[in-house]
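Listed below are the residues making up each chain.
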Amino acid sequence: MSILWQAVGRSPELAASIGGRVRAADTLADVEQLLTADSSETLVVIGPDIETEAALAFAAGQRLRRPALGVVLLREHVDVDLLTRALRSGVREVVTAGEFAELAQACERSRALSRSAPVPHAEAEAGKGQVVTVFSAKGGCGKTTLAVNLALALADGGARSVCLVDLDLAFGDVAINLQLDPNRTLTNALSMVGRMDETGATSLLTPYRDGLSVLMAPVTPGEAEKIPAALVTELLDALRKTVDYVVVDTPSQFSEHVLNAMDASQHHVLLTTPDVPALKNLRLTLDMLDLLSYPREMRSVVLNRSDAKVGLSTEDVARVVRAPIAAYIPSSRDVPISINKGTPIWTSTPQHAVSQAITRFARESLVTVSSATAAEAIETSHDSRVPSPRKQGTFARLRKGRR
Ligand SMILES: Nc1ncnc2c1ncn2[C@@H]1O[C@H](COP(=O)(O)OP(=O)(O)OP(=O)(O)O)[C@@H](O)[C@H]1O
Ligand SMILES: [Mg+2]
């Protein structure tokens, strides 16, 4: 069964393309009523006469409440801007009104996705580690520095098992930070696309020390483009079955790969520095994450170089960001020095103010009583984040539009 949300212009052709029994809804209230009455509903098709903003808000709202529900949007005109916004709201497919064959295929794809969508279930999550994605929309804020040292702080000399994944596919420098030879990288995962399991994922890791292993970014130019975004989901899912924490370092763009990492995460660490461009980008990032319906409890804002004398106080920063700051990491020339030496500051000088700030953050925001309990606590409070089934069709279309 499916729902067609459209006030006027319903035609038999339209209903036939959607397929199966189609129930009509004139208003959002009607749609909600039908959905409440039938929790097994898997498809809502939104007609071209429904305002785009209302349609996107509806899709965004359903992402967490009903992850198995697909939303297919019909529009008179489809362009890249619309596709981007629709995708970010969780719409599965956007189809030009009147393209009935295309609509039929879109509905079929959406139904197939709904059939395979995992059902949130706390028990199924037991025994899995937490994925922590470190992100900042402005480059050079210290993502890699934080990801590396946070991974070490979480591993805590071997107390916990941690895997650090370098998702900065084109310019990843985790390997350089840790002076590791990139013999095995994400490129080696290509042969396992579509059938990644724990053994395969573990075979990609390079041991560092004390409970920490690393999945390095590709090194050869051109390899980054070969990594499909779906691989990120597969990999993170497999890795978290093998370690207590997976820490993900990212590039500074909301790429499809980063969004997949965000989807697979239990915790988003959003980094900024006390300067206006970085703060503006953080604000945009927070708005974007809100739009994508990620629960706010799963995010931590970290202020790097918090003591930098740049005319903005920490109060100014908190006001601009409009979110609590979970950690303040001071600025120190010992950080770049440690990177040049190839030994992260957390390892070389654990009592350093930078190392201490990161340890405190790890302890207070990521590790509660024990990693198992923390994982459970976060899983329950975050409704066992279900990978969003928003991608495929719409992204395929986006790419087609760019060619
Ligand atoms: N707390 C700090 N004090 C002093 N220098 C720092 C601090 N944090 C990071 N840095 C320096 O800032 C530079 C950028 O850091 P890093 O590479 O971690 O940023 P990034 O966000 O990963 O950058 P990119 O966007 O290029 O990936 C590095 O030279 C690093 O040593
Ligand atoms: Mg980096």
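Structure's up top.
Residues numbered from 1 in each chain as written. Chains lettered and ligands numbered in written order. Predicted model: local features only at pLDDT ≥ 70, side-chain atom pairs only at ≥ 80, totals over all residues. Heavy atoms only, no water.

Caption draft 1: Structural view of the site of ligand 1. Near ligand 1 you find 17 residues, and of these G140, K143, T144, T145 and R305 are the closest. Measuring from a nitrogen atom of ligand 1, one finds a side-chain N or O atom of N304 at 2.9 Å. Taken by itself ligand 1 offers 630 Å² of open surface, and the protein chains cover 79% of this. Breaking the shell around ligand 1 down by element, the ones donating at least two residues are α7 (143-155) and α14 (334-341). Split by residue class, the shell around ligand 1 holds five nonpolar, nine polar and three charged. (Near = heavy atom within 4 Å. Polar contact = N/O pair within 3.5 Å; in protein donor to acceptor, adjacent residues only side chain to side chain. Areas by Shrake-Rupley, 256 points an atom, 1.4 Å probe, with all protein chains shown as cover. Helix = DSSP H or I, 4+ residues; strand = E, 2+ residues; numbered from the N terminus. Nonpolar A, V, L, I, M, F, W, Y, C, P; charged D, E, K, R; others polar.)

Caption draft 2: Inspection of the sheet that holds strand β12 (residues 299-304) at higher detail. In spatial order, the strands read β8-β9-β7-β10-β6-β11-β12-β13; together these eight strands make up an open sheet with mixed pairing. Here the strands that pair on one side only, and so sit at the sheet edges, are β8 (206-209) and β13 (325-329). On average, each strand axis in the sheet is inclined to that of its neighbour by 25 degrees, with strand direction left out of account. As judged from the five bridges shared by strand β7 (residues 162-166) and strand β10 (residues 245-249), these two strands associate in the parallel manner. Counterpart to V162 in the pairing with β10 is Y245. On top of the sheet, helix α16 (residues 353-366) reaches β6 (130-135), β10, β11 (267-272), β12 and β13; it is set at about 165 degrees to β13, its chief contact. (Pairing = 2+ DSSP bridges. Axes fitted to C-alpha atoms, helices over the stretch in contact; angles between N-to-C directions. Contact = heavy atoms within 4.5 Å.)

Caption draft 3: Region of interest: the nonpolar core. L146, L150, L154 and L164 are the most contacted members of the largest nonpolar core, which has 40 residues in total. Here the element with the most residues in this core is α7; it accounts for nine residues. In this structure, L154 is in contact with R160, V162, Y245, V247, A362, L366 and V367, ignoring residues within four places of it in sequence. Counting 26 residues, the second largest nonpolar core, distinct from the first, contains V165, M196, V232 and A264. (Core = buried A, V, L, I, M, F, W, Y, C linked by side-chain atoms within 4.5 Å. Buried < 20%, exposed > 50% of the residue type's maximum accessible area, 1.4 Å probe, protein only.)

By themselves, these are just geometric observations and shouldn't be taken as functional.
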